[in-house]
Every structure is written in C-alpha cells, then in structure tokens.
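Structure assessment
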Amino acid sequence: MKIKELLSIGLSTIFFTALCWFLIHHVQMMPEAAAHEALIVDRAFDGMLKVTLPIFALVLSMLLYILFCFSSKGQGGEGVKFYGSRNGIVETAWISVSLVLTLALAAFGSKEFMEIRGSDQADLNIQVKAAQFSWEFYYPEQSVYSHQLILPKDKRVRILLSSEDVVHCFWVPEFRVKQDIVPGKIIKLLFTPTKIGDYTLLCAELCGMDHTVMTAPVKVVADDGFLSQIKAEAW
C-alpha cells in the first residue's frame with residue numbers, strides 16, 4: 001500500500017469520524033438526564049463513542065478502498081487477489097488491538113457499573129408492586145399509598161420491586177436505570193433524582209396484551225414539599 005493510499009484512507013477516516021460525531025451530537029438520541037445515574041450512563045456512552053466511532057470510520061474507509069482498488073477492471077475478469085499481509089503483520093496487529101480495546105472497554109464498563117450501583121444507603125424507601133397492567137406505590141415510612149411515584153429531588157431513593165404475576169421491568173428513561181422484576185422476589189433499585197419535573201414510568205418487558213399501557217406518572221419535587229405532595233396524592 002502506497003503512501004498516497006494510506007493518506008487517502010486516513011483522511012477518509014477523519015472525515016467519517018467527524019461526520020458521525022456531528023450527527024450524533026446534533027440529533028437528540030436520549031431524553032434529558034434527570035438523575036445522578038443518568039450522568040454516569042451518558043458519560044459511559046460518550047466514552048464508548050469516542051473509541052468506536054474512529055474504528056467504524058476506519059473500517060468503512062478500508063471497505064471503500066478495497067471495493068475500488070481490488071474490483072475487477074474488465075468484463076468477466078477477476079480483481080487483484082489478496083491472501084494476507086506479509087508475515088501476517090496486519091492480521092496480528094488487528095487482533096491484538098481488538099483484544100486490548102475489548103479488555104479496556106470491559107474494565108471501563110465495570111467501573112461505571114460499580115459507580116451506578118453505589119452504596120446501599122438511601123434516604124427514602126418506596127415499595128413498588130407491578131401487576132398486569134398497573135403499578136402500585138407504597139411509602140412505608142409515611143404509611144401512604146399513591147397512584148403515582150413521587151420522589152424528592154437530590155435524595156437517594158431505594159425502590160423495592162415486586163411482581164404479582166409475570167416478569168415486568170421498571171424503567172424511567174430520564175433516570176437511565178432499568179430493572180427487571182421477577183415474581184416471587186423483592187428486588188432493590190437505588191438512584192438519585194436531580195431534576196424537578198414530570199416523567200413517565202414504563203414497563204420495558206413484554207408482559208401481556210396491554211403491555212404498552214402499563215405506565216405511571218413520576219413526579220420529582222423539591223425536598224421541602226415532598227411530604228405534603230404524597231399526602232395530597234394518597235388514597
């Protein structure tokens with residue numbers, strides 16, 4: 001491969017990387033981040049993109065180079081044959097780099113996952129019961145049931161999840177946390193809401209005919225107005 005061809009592949013890689021980066025950051029791929037855990041997930045997502053986009057651009061550039069340079073030049077002819085690089089240097093380098101990147105990304109992902117898990121300490125406990133096709137919220141410390149999930153801003157919340165029938169999944173897209181709910185088990189999920197606003201709790205596991213309507217309102221309120229809010233919504 002000549003210097004001119006290497007330069008063309010390099011410039012093409014830079015172009016496709018910049019183009020993809022521009023498109024990704026000018027198209028809203030995710031809803032706003034409304035929890036501490038969401039910032040960690042978004043940071044991990046950006047980190048993965050910084051590694052994978054240049055690789056994608058390089059592979060695309062190499063594919064275009066191969067299509068044009070190794071294609072048949074005449075009717076019914078064969079393109080230039082390629083059986084491997086000299087001493088297998090390219091193949092060895094590609095596998096080695098891929099292995100190192102895979103292990104590095106696995107370590108990075110594990111670190112981010114442990115940060116999301118955090119400590120088991122929480123400022124508030126809420127029992128959430130899922131059933132086809134509704135959600136029930138109980139605040140044991142306040143002895144209050146509510147038809148919507150009300151959360152105090154900047155307080156770490158422990159959600160105790162249970163299911164009355166089939167497998168469900170607790171998911172608030174703005175919080176970036178998702179947890180399957182298995183019948184017969186109580187599963188905990190911890191997170192910290194950081195933005196006041198109204199959101200929607202979804203079931204992210206196909207649980208029956210009316211799965212798509214299994215939603216519930218989520219409201220994040222100021223800490224000083226939390227108690228009055230849940231008492232007003234109690235039933």
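Provided above is the structure to which this section pertains.
What comes next concerns the included structure. Think of each chain on its own: its residues are numbered from 1, step by step along the sequence as written. Reporting of local features is limited, given that this is a predicted model, to residues whose pLDDT is at least 70; pairs of side-chain atoms are given and counted only at 80 or more, and all residues count toward the totals for whole chains, interfaces and linings. Computation of side-chain values: all heavy atoms of the structure, hydrogens and water removed.

1. Observations regarding the packing of helix H2 (residues 36-69) against helix H3 (residues 89-117)
What counts is decided by this rule: Angles run from 0 to 180 degrees between N-to-C directions of axes, and those axes are lines fitted to C-alpha atoms, restricted for helices to the stretch in contact. What counts as a helix is a DSSP run of H or I of at least four residues, what counts as a strand is a run of E of at least two, and both are numbered from the N terminus. Any angle from 65 to 115 degrees is called roughly perpendicular, while one under 35 is roughly parallel, one over 145 is roughly antiparallel, and all others are oblique. Working rule for contacts: check all heavy atoms of both residues, and any pair within 4.5 Å makes them a contact. Throughout this entry, Asp, Glu, Lys and Arg are counted as charged residues, while Ala, Val, Leu, Ile, Met, Phe, Trp, Tyr, Cys and Pro are counted as nonpolar. The remaining residues, Gly among them, count as polar.
Between H2 and H3, the shortest axis-to-axis distance is 9 Å and the interhelical angle comes to 170 degrees. Put simply, H2 runs roughly antiparallel to H3. Seen from H2, the contacting residues are Glu37, Ile40, Val41, Arg43, Ala44, Met48, Val51, Ile55, Leu58 and Val59; seen from H3, they are Trp94, Leu101, Leu105, Phe108, Glu112, Glu115 and Ile116. Grouping the amino acids of the contact of H2 with H3 by side-chain chemistry returns 13 nonpolar, no polar and four charged.

2. Re the side chain of Arg156
Test applied: Burial classes follow relative accessibility: with a 1.4 Å probe on protein chains only, a residue under 20% of its type's maximum area counts as buried, one over 50% as exposed, and anything between as partly exposed. Throughout this description, a polar contact denotes any pair of N or O atoms lying within 3.5 Å of each other; where both atoms belong to protein, one of them has to be capable of donating a hydrogen while the other can accept it, and for residues adjacent in sequence the pair is counted only when both atoms sit in side chains.
With respect to the helices and strands, the residue Arg156 is situated in the loop between strand E4 (149-152) and strand E5 (157-163). With relative accessibility at 14%, the residue Arg156 sits in the buried group. At a separation of 3.4 Å, a polar atom in the side chain of Arg156 contacts the side chain of Glu37. Looking at Arg156, its side chain comes within polar contact range of the main-chain oxygen of Ser119, at 2.8 Å. In contact with Arg156, other than residues within four places in its own chain, are Glu37, Arg117, Gly118, Ser119, Gln121, Ala122, Asp123, Leu124, Leu190, Phe191 and Thr192.

3. Quick notes on the side chain of Ser163
For Ser163, the position within the fold is in strand E5. Engagement of the side chain of Ser163 in a polar contact is seen with the backbone nitrogen of Asp165, the distance being 3.3 Å. Non-local contacts of Ser163, meaning those with residues more than four positions away in its chain, are made with Ala130, His168, Ile181, Val182, Pro183 and Gly184.

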